[in-house]
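# Coordinates in review
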Amino acid sequence: MRRASLTQFLIERQRAGRINADLRLLIETIARACKAISTRVNKGALGGGHGSASSENVQGEIQKNLDVMSNEILLEANEWGGNLAALVSEEMEDVKPTPTHYPRGEYLLLFDPLDGSSNIDVNISVGTIFSVLRCPPGVEPDEQVFLQPGRSQVAAGFAVYGPTTQLVITVGDGAYGFTLDRETFTFVLTQEGIKIPQDTAEFAINASNMRRWEPPVKRYIDECLAGKDGPRGKEFNMRWVASMVADVYRVLSRGGIFMYPRDSKNKDGRLRLMYEANPMAFIVEQAGGSATDGKTRILDIRPKKLHQRIAVVLGSKNEVDRVTSYHANSQ
Ligand code: F6P
Ligand code: MN
């Protein structure tokens, strides 16, 4: 049986009245940019992408060459697409409205062009994360317009540039996975209606922060580490890729809990709400999982700033609920 391409999948979604032509074309544009980034990532040191650029991003982090390249690929692809009113990137301080000499669309795009960039030079998976919101008609797309809760997203997705390039998307009716066929250079539907198991025995957290964690997180991880002898009565395994895209892809594939909690150093958490936590929370919920900041459902949080950080606990529902209940009990 021939498998559907991303284009066919999106046309079907449009026919079903789930998305309009503009959103379909926007997702196609993003997917095309992801293919171009995938090619750059694959070239490694041969493509000039390794090493650091001489700049810092809005978070004060040193930018890698590939960060800058990926950002430019996404900007160029979207500028003349005609589907966007404005965009926001992790790599840029301010909102970038579509220039007035290009056609303006009804959507707002937010992206992390190259997630997990500390892994670029060491040949470990990296990726691109995106979130799409609607721009109310006739409104100038400034920062305020972007500050919508995650539940207002109309689409979200991420690509992982790993041993294969994978694209996961949702338009609000389930989560779907595509594999890049390098011979035809098309994304092919390979995971339909992704479902995260409710239970898991695998957790992901950067344990080097352990001494800084809040008591509920410490309790949860201590109980996992105690294995069969502890209150959970079962063995747990641990994984930490340090690329959110790869860790979340694993959770979507075989279940698990992924946590980047707030701690005494990262007081608001480490990950960014609008282009990391929100799109991942949308996808994870669409796959039957949960996503909270330890206390509140991520998709209900009203953002205060474009580049706001947030604590993230996501994945298999029963484990996320457990962590959330530990937080509730410690108040
Ligand atoms: O974008 C931030 C990020 O690179 C995520 O992809 C990843 O989960 C996290 O940071 C890794 O953080 P740390 O370096 O603390 O392990
Ligand atoms: Mn990132």
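Because the structure is predicted, anything quoted here is derived from the model rather than measured.

## Describing empty space enclosed by the protein
- One pass over the full model with this rule turns up two cavities of 30 Å³ or more.
- Estimated volume of the largest cavity: approximately 60 Å³.
- Taken together, Leu75, Asn78, Glu79, Leu84, Leu87, Lys96, Pro97, Thr98 and Pro99 form the lining of the largest cavity.
- At the level of elements, α3 (65-79), β3 (84-89) and β4 (96-97) are the ones that each hand at least two residues to the lining of the largest cavity.
- At three residues, the largest contribution of residues to the lining of the largest cavity is made by α3.
- A breakdown of the residues in the lining of the largest cavity according to their chemical character gives five nonpolar, two polar and two charged.
- As a volume, the second largest cavity reaches approximately 30 Å³.
- If you go around the second largest cavity, the residues you meet are Ile205, Asn206, Asn209, Trp213, Met259, Tyr260, Pro261 and Asp263.

## Focus on the site of ligand 1
- Ligand 1 sits among 13 residues. The nearest are Asp115, Trp240, Met244, Tyr260 and Glu276.
- Note that an oxygen atom of ligand 1 is positioned 3.0 Å from one of the side-chain N or O atoms of Asn206.
- Protein chains bury 86% of the 400 Å² of accessible surface belonging to ligand 1 in isolation.
- Looking at the shell around ligand 1, the elements with two or more residues in it are β13 (257-260) and β14 (271-272).
- Split into classes, the residues belonging to the shell around ligand 1 amount to six nonpolar, three polar and four charged.

## Overview of the packing of helix α2 (residues 21-43) against α3
- One way to put it is that α2 packs onto α3 with a least axis distance of 9 Å and a crossing angle of 150°. Here α2 lies roughly antiparallel to α3, going by the angle between them. Crossing of α2 against α3: the hand is right-handed. Judged by residue contacts, Leu26, Thr29, Ile30, Ala33, Ala36, Ile37, Arg40 and Val41 of α2 engage Leu66, Met69, Ser70, Ile73, Leu74, Ala77 and Asn78 from α3.

## Some thoughts on the pairing of strand β9 (residues 176-181)
- In terms of burial, β9 is a largely internal element, five of the six residues being buried.
- As defined by bridge partners, strand β8 (residues 165-170) adjoins β9 across four bridges and the pair is classed as antiparallel. Counterpart to Ile169 in the pairing with β9 is Tyr176.
- Two successive antiparallel strands, β8 and β9, enclose a turn made up of five residues, where Gly172 displays a positive phi of approximately 100°.
- Across five bridges, the pairing between β9 and strand β10 (residues 186-191) is antiparallel. What sits directly across from Thr179, in β10, is Val188.

Rules of the game
Residues numbered from 1 in each chain as written. Chains lettered and ligands numbered in written order. Predicted model: local features only at pLDDT ≥ 70, side-chain atom pairs only at ≥ 80, totals over all residues. Heavy atoms only, no water. 1 Å grid on protein atoms, 1.4 Å probe; cavity = no way out; pocket = protein on both sides within 12 Å on 5 of 7 lines; lining within 4 Å. Points joined across faces, edges and corners; volume = space filled by probe spheres on them. Helix = DSSP H or I, 4+ residues; strand = E, 2+ residues; numbered from the N terminus. Nonpolar A, V, L, I, M, F, W, Y, C, P; charged D, E, K, R; others polar. Near = heavy atom within 4 Å. Polar contact = N/O pair within 3.5 Å; in protein donor to acceptor, adjacent residues only side chain to side chain. Areas by Shrake-Rupley, 256 points an atom, 1.4 Å probe, with all protein chains shown as cover. Axes fitted to C-alpha atoms, helices over the stretch in contact; angles between N-to-C directions. Parallel < 35°, antiparallel > 145°, perpendicular 65-115°, else oblique. Left-handed = near helix turned anticlockwise from the far one by under 90°. Contact = heavy atoms within 4.5 Å. Buried < 20%, exposed > 50% of the residue type's maximum accessible area, 1.4 Å probe, protein only. Pairing = 2+ DSSP bridges.

The values reported here are purely geometric and, on their own, carry no functional implication.
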